[in-house]
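An overview of the molecular structure
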Amino acid sequence: MPLCTNDEWINENMEISVKKTTCDDHRLPFPYEIKNVDSQLNSQLLRDFSGERTGFVQVGSKKWFFPSGFAKEAENYYNFELRNDDVIVITFPRSGTTWTQEMIWLLCNNLDYNRAAELPLTARFPFLEFSSFVHKDVKAEFLEENRTDVENYKSVQQIDYPAWKTFSHSQERRFIKTHLPFSLLPPNLTKTGCKVVYVARNPKDVAVSFYHLNRSIRTQGYKGDFKNYWFYFKNNLQPWTPYWEHLKEAWKMRHEENVMFIFYENMNKNFRQQMEKICAFLGKSYSCEELDTLEDYLNIENFKKNKSVNYDLMEKLGIVLKNEEGFVRKGKTGGWQLYFDQEMEKEANQWIEENLKDTDLRFPV
């Protein structure tokens, strides 16, 4: 396809202005400018990431990076109407999100393992902004591939239905997954009474895990090697980057009454301790025996075999590739060492050191 220029691909996907948007009296204007990435860079990104077909945008002065579909939904995410009993898990991708979601859902639902097995986690704990990552052309390909299976076809038809609309009609307590940074979420997020759990993870492990996800899920469709992917990651040219700003915004919120900030490394090192902290944060209480059962259920070796959390339907629909690593991978720390050569490791360590200079955030040893 010909490369779009100027504001062409933004205008293709949104009716609001590229500048700060205005809206009706009941909604806040989206306060950040949305711009297309440089056309030459966009062309390179489209070659390497086949899940996007139009272009990529950057949002605000921090240049949050997203595919074109984000532009038309940004204001809806910013104005998402929260409820005081909502539970929200916020992470930068590949930071223990799924592990944390399943733990929280069970803690809040009286350890209902039967229902957890019957309903996939994506239905119990929907992903707020996933629809922004399903390009219409890619969806058309999924529909064509599934046209002979009525149930699969119906499932594909629904994959780009905005989760915020689903949430708005829900009569049950809502469990919400998002990778959006605090600044792109409703500004009253910490004041509504809802519970927010943020999980952070070492960026080198995040980059490796995100690389594999980008290869396995066709809405991303990354085609290159890890070294090239690392270039995109550290230069804030991956969805939800900049990574450091994402973490720093959350770190500043960690003392808010209804916000809990935890590290993936601590979950991996002493899962029971972190589980008990989250349980108390959610106002729940269980016996030692019940927590023993939950801990065993969430053990990474058991978790990797759990079809309810492993995007089995997405694989069935052809959205997740079968020949790539599974959605739930190793659940370990330090796996990055198998991917970074000496030069990359030195570069990564300098990048980390530079970005930690203006914060007291430190990753557990």
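Numbering of residues begins from 1 in every chain and follows the order in which that chain's sequence is written. Local features in this predicted model are restricted to residues whose pLDDT is 70 or higher, and side-chain atom pairs enter the listing and the counts only when it is 80 or higher, whereas totals over whole chains, interfaces and linings include all residues. Each side-chain value is worked out from all heavy atoms of the structure, with water and hydrogens disregarded.

**Details of the overall build of the protein chain**
In terms of regular secondary structure, the protein chain is built from 18 helices and 7 strands. Each residue's exposure class comes from its accessible area (1.4 Å probe, protein chains only) as a fraction of the maximum for that residue type: buried when under 20%, exposed when over 50%, partly exposed otherwise. Here the protein chain, with 365 residues, has 55% of them falling under the buried criterion. Considering only residue pairs separated by 6 or more positions, the protein chain has 75% of its internal contacts joining residues 24 or more positions apart. In this description a helix means any DSSP run of H or I spanning at least four residues, a strand means any run of E spanning at least two, and both kinds are numbered starting from the N terminus. The contact criterion used throughout is that any non-hydrogen atoms of two residues lie within 4.5 Å.

**Describing the sheet that holds strand 3 (residues 64-67)**
When DSSP finds two or more bridges between a pair of strands, those strands are recorded as paired. Across the sheet, which stays open at both edges, the 3 strands sit in the order 1-2-3 with antiparallel pairing between neighbours. Of all the strands in the sheet, the pair left with one neighbour each is strand 1 (34-36) and strand 3. Strand-to-strand twist in this sheet, taken as the mean axis angle between neighbours without regard to direction, amounts to 35 degrees. For strand 1 and strand 2 (residues 56-59), the ladder comprises 3 bridges, and the chain directions are antiparallel. Bridge pairing links Ile34 to Val59 in strand 2. Here an angle of 0 to 180 degrees is reported between the N-to-C directions of two axes, which are lines fitted to C-alpha atoms, with helices fitted over the stretch in contact.

**Things to note about helix 11 (residues 226-234)**
Think of an α-helix as 3.6 residues a turn; residues three or four steps apart then line up on the same face. Phe226, Tyr229, Trp230, Tyr232, Phe233 and Lys234 are the residues of helix 11 that are buried. Residues of helix 11 that are buried sit in contact with helix 2 (39-48), helix 10 (203-216), helix 12 (243-252) and helix 18 (342-355). Measuring from the side-chain oxygen of the N-cap residue of helix 11 to the backbone nitrogen of Lys227 gives 3.5 Å; that N-cap residue is Asp225. Asn236, located one to two residues past helix 11, shows a positive phi value of around 60 degrees. For the purposes of these results, a polar contact is taken to be a pair of N or O atoms within 3.5 Å, where, inside protein, one atom must be able to donate a hydrogen and its partner to accept one; residues adjacent in sequence count only when each atom of the pair is a side-chain atom.

**Considering the packing of aromatic side chains**
A pair of Phe, Tyr and Trp rings is counted when the ring centres sit within 6.5 Å of each other, with Trp represented by its six-membered ring. The angle between the planes then sorts it: under 30 degrees is stacked, over 60 is edge-to-face, the rest tilted. Under the criterion given, the structure shown has 45 aromatic pairs. Ring centres 5.2 Å apart and planes at 20 degrees place the aromatic pair Tyr198 and Phe261 in the stacked group. Residue Tyr198 is located in strand 6 (residues 195-200), and its partner Phe261 is located in strand 7 (residues 259-263); the two are separated by 63 residues in the primary sequence. By relative accessible area, Phe261 is classed as buried at 14%. Measuring from ring centre to ring centre gives 5.7 Å for Phe231 and Tyr232, while their planes differ by 65 degrees; the resulting arrangement is edge-to-face.

**Considering the confidence of the model for the protein chain**
Scored from 0 to 100, pLDDT records how confident the predictor is in each individual residue. Taken residue by residue, the protein chain gives an average pLDDT of 91. The fraction at 70 or more is 90%. Scored below 50 in pLDDT, residues 1-7 makes 11 contacts in the model with residues more than four places away or belonging to other chains. Here residues 13-23 is modelled with pLDDT under 50, and outside its nearest four sequence neighbours on either side it reaches 24 contacts, counting other chains as well.

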